[in-house]
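What follows is the residue order along each chain.
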Amino acid sequence: LPYIICCSLINLTIIKVNKALFIYRESGKKLTSNKMDQSYLIETLSEAADIVKEITNAKGATIAASNQGKGSMLPSSAELWNNENNNGYEYVWFPSKISELDKVADRIIEVEDVIEDDRPGYTYPEYQKRRAMFTKIALNYKQGNPIPLIDYLDTEIATWRIVYTTLQNLYEKYACKEYLTNFQLLIKYCGYSPDNIPQLQHISQFLRERSGFTLRPVAGYMSPRDFLSGLAFRVFNCTQYIRHPSKPFYTVEPDCIHELLGHMPLLADRSFAEFSQEIGLASMGASDEEVQKLANLYFFTVEFGLCRQNGIIKAYGAGLFGSAKEFEHAMTTPERQREFDLEQIMEMECKVTSYQDFYYITNSFTEAIKKLRDFATGMKRPFSVRYDPYTQSVLTVRNKQDIETYAKELKSNFDNFMSCLRNIDMATKSINNQHDDK
């Protein structure tokens, strides 16, 4: 437990430092004239310093725990996973390198309890032939390669057009501000329009620059474990096929209308991207029961979540953004809206053929991340995980050497942060002196 606590504290500090550094880099030294931004940086530094003190205490507990065993090292990973004192934890394989996502890409599953009427097109040979082409593209794809461009049919563009144009009024009325802002950027940089279905390759390049997320094509539904493991690497498995034109406003399966209109605008937001990755990291090595709870959290936030902005309820769930009827229903039935409750969410039934029983409201993605981390701290796995963006790897944290390595990276970020603050302080003094001279 001390390892997990220490790892969580380091994660929190790095996030605060990186957020402050991002603001500084984006604004440059003009930031010195903005007292609100200055106050934010000072407040962030203070909070980070407090957390560093907690890390020091946790580190002491970690070292003490490791010294109680044989020598000064904790058991190896294999010994940890088979130890009788590990709450019955059984090792579950998970990808540790981004290239290993190729190993789970072909594990497509069928949607359960779906009648034939809910799957229009499956009795049409031409539609099935088209779907087979998309499946072949997805199964042959290798992580990191360019995503093949699709020459969409006129019938597919017509389906896209009717959904795209119908939903625009609902977006303007009910969508959160992050969605609306990024949707305009997708129009500008990725070719979003009623008459054009954007290409995954172009969107993936855009997302990489905005939030670090990338896309890879997928043939259909994946298991919760396999899908969430991609999020840990900031990789979103995305379909390229289009729903059948006989039911343009309904699909029980994910399709690129759902993905592109629903998911892409929020994946371009850094805070939302962080929340999505946190769910993915929490799933690594988790038990089947824990993965299902995390899948529920994803479903009732990323897919059907609501948020409160300036006292007004807005939507951020992709499942709502791709379904006109349920979108309107969720926003106009306050008796179906509930405050964010992690324990309740993780026990709720996820429905794919009918409206949800409830839609949960969060005040911020930061609030959701904090509650997610609280859950992850109590998970059965005898280790924590972290993402290394330099090697695009998921690293396990299970002994004091891992903690010390992580702490060194934290110190490097923190030193950079302090350097930025010194630059701000010098620039602020210079501006104040100029004002005094006038």
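On a predicted model such as this, the values are computed, not experimentally measured, just so you know.

Scanning the protein chain from terminus to terminus reveals 16 helices and 8 strands. By residue count, 53% of the 438 residues in the protein chain fall in the buried class. In the protein chain, of all internal contacts separated by at least 6 residues, the share reaching a separation of at least 24 is 70%. Carbon and sulfur atoms provide 51% of the accessible area of the protein chain, an area that totals close to 21,200 Å².

With respect to burial, strand β8 (residues 393-397) is a largely interior element, 4 of its 5 residues being buried. Pairing between strand β7 (residues 384-388) and β8: 5 bridges, direction antiparallel. Each residue of the ladder has a partner; that of tyrosine 387, found in β8, is valine 394. Hairpin remark: β7 followed by β8, antiparallel, with 4 residues in the connecting loop; positive phi at glutamine 392, about 50°.

Let's shift gears to helix α13 (residues 324-332). The complete set of buried residues in α13 reads Ala324, Glu326, Phe327, His329, Ala330 and Met331. Of the surrounding elements, those touching the buried residues of α13 are α5 (154-174), β3 (306-309), β4 (312-315), α12 (318-321), β5 (337-339) and β6 (359-362).

So, on to helix α4 (residues 125-140). In this model α4 runs 23 Å from its N-terminal to its C-terminal C-alpha over 16 residues, within 8% of the 22 Å that 1.5 Å per residue would give. For α4, the complete set of buried residues consists of Tyr127, Arg130, Arg131, Phe134, Ile137 and Ala138. The arc that holds the buried residues of α4, viewed along the axis, is 115°, so those residues lie on one side. Facing away from the buried side of α4 by more than 90 degrees, the exposed set consists of Pro125, Lys129, Lys136 and Asn140. Those residues of α4 that are buried are in contact with α5 and β1 (214-217).

Turning to the side chain of aspartate 255, a few remarks are in order. Take aspartate 255: it is sitting in the loop between β2 (235-238) and α9 (256-267). Within the structure, aspartate 255 has its side chain in polar contact with the side chain of arginine 243 (distance 2.9 Å). Within the local environment of aspartate 255, its side chain forms a polar contact with the backbone nitrogen of histidine 258, the two atoms lying 3.1 Å apart. Those residues in contact with aspartate 255, other than ones at most four positions away along the chain, are Thr239, Tyr241, Ile242 and Arg243.

Turning our eyes to something else, we now look at the packing of helix α6 (residues 177-190) against α9. Orientation of α6 relative to α9, taken along the N-to-C sense of each, is 100°, at an axis distance of 8 Å. Between α6 and α9, the angle is such that the two are roughly perpendicular. Across the interface between the two elements, Glu178, Tyr179, Asn182, Phe183 and Leu186 from α6 touch Leu261, Gly262, Met264, Pro265 and Leu266 from α9. A per-class count over the contact of α6 with α9 returns 7 nonpolar, 2 polar and 1 charged.

Core analysis: the biggest nonpolar cluster contains 87 residues, and Tyr192, Phe236, Leu260, Leu261, Met264 and Phe327 have the highest contact counts within it. The biggest single contributor to this core is α5, with 8 residues. Apart from the residues lying within four places of it in its own chain, the contact partners of leucine 261 are Trp160, Val163, Tyr164, Leu167, Tyr171, Tyr179, Phe183, Tyr192, Cys256 and Phe321. Listed in part, the 13 residues of the second largest apolar core include Phe94, Leu101, Tyr387 and Val394.

With respect to the helices and strands, methionine 379 occurs in the loop between α15 (365-377) and β7. With relative accessibility at 6%, the residue methionine 379 sits in the buried group. Distance from methionine 379 to serine 283, taken between C-alpha atoms, is 9.8 Å for residues 96 residues apart in sequence. Ignoring sequence-local partners within four residues, the contact set of methionine 379 consists of Ala282, Ala286 and Glu290.

Residue position: threonine 166 is located in helix α5. Considering only alpha carbons, one finds threonine 166 and alanine 324, 158 residues apart in sequence, at a separation of 7.6 Å.

The subject of this paragraph is the sheet that holds β4. Read from one edge to the other, the open sheet built from 4 strands follows the order β4-β3-β6-β5, with strand pairing classed as mixed. Either end of the sheet is taken by a strand with one partner, and the two such strands are β4 and β5. Each neighbouring strand pair of the sheet contributes to a mean axis angle of 40°, computed without reference to strand direction. In this structure, β3 lies alongside β4, joined through 4 bridges in antiparallel fashion. Looking at the pairing, leucine 306 lines up with alanine 315 of β4.

Take the state of the cysteines next. The full count for this structure, using the stated rule, is 0 disulfides. With no disulfide of its own, cysteine 238 lies 7.2 Å from the sulfur of cysteine 256, the closest cysteine sulfur.

Evaluation of the coordinates by the stated rule reveals 26 aromatic pairs. Each ring, one from phenylalanine 233 and one from tyrosine 387, has its centre 6.0 Å from the other, and the planes form 90°; the classification is edge-to-face. Pair noted here: phenylalanine 233 is in the loop between α8 (224-232) and β2 and tyrosine 387 is in strand β7, with a separation of 154 residues, a long-range link. The two residues phenylalanine 233 and tyrosine 387 agree in class, both being buried. Ring-pair connections join several aromatic residues into one group, and the members of that group are Trp160, Tyr164, Tyr171, Tyr174, Tyr179, Phe183, Tyr192, Phe321 and Phe327. Sitting over the face of the ring of phenylalanine 358, arginine 338 holds its NZ or CZ atom 3.5 Å from the ring centroid.

A few words now on the environment of alanine 175. With respect to the helices and strands, the residue alanine 175 is situated in the loop between α5 and α6. Distance in space between the C-alpha atoms of alanine 175 and cysteine 307 is 9.5 Å, their sequence separation being 132 residues.

Attention shifts here to the pattern of salt bridges. Across all of its chains, the model carries 17 salt bridges by this definition. In this structure, aspartate 255 engages arginine 243 in a salt bridge whose closest nitrogen and oxygen atoms are separated by 2.9 Å. Of this pair, aspartate 255 sits in the loop between β2 and α9 while arginine 243 sits in the loop between β2 and α9, placing them 12 residues apart in sequence. Of the two residues examined, aspartate 255 and arginine 243, each falls in the buried class. Several salt bridges share partner residues, and in doing so they unite Glu274, Glu278 and Arg373 into one network.

Cut-offs and rules
Residues numbered from 1 in each chain as written. Predicted model: local features only at pLDDT ≥ 70, side-chain atom pairs only at ≥ 80, totals over all residues. Heavy atoms only, no water. Helix = DSSP H or I, 4+ residues; strand = E, 2+ residues; numbered from the N terminus. Buried < 20%, exposed > 50% of the residue type's maximum accessible area, 1.4 Å probe, protein only. Contact = heavy atoms within 4.5 Å. Areas by Shrake-Rupley, 256 points an atom, 1.4 Å probe, with all protein chains shown as cover. Pairing = 2+ DSSP bridges. Expected span 1.5 Å × (residues − 1). Arc of directions from axis to C-beta. Polar contact = N/O pair within 3.5 Å; in protein donor to acceptor, adjacent residues only side chain to side chain. Axes fitted to C-alpha atoms, helices over the stretch in contact; angles between N-to-C directions. Parallel < 35°, antiparallel > 145°, perpendicular 65-115°, else oblique. Nonpolar A, V, L, I, M, F, W, Y, C, P; charged D, E, K, R; others polar. Core = buried A, V, L, I, M, F, W, Y, C linked by side-chain atoms within 4.5 Å. Disulfide = S-S within 2.5 Å. Phe/Tyr/Trp six-rings, centres within 6.5 Å; stacked < 30°, edge-to-face > 60°. Lys NZ or Arg CZ within 6 Å of the ring centre and 35° of its normal. Salt bridge = Lys/Arg side-chain N within 4 Å of Asp/Glu carboxyl O.

These figures capture arrangement, not role.
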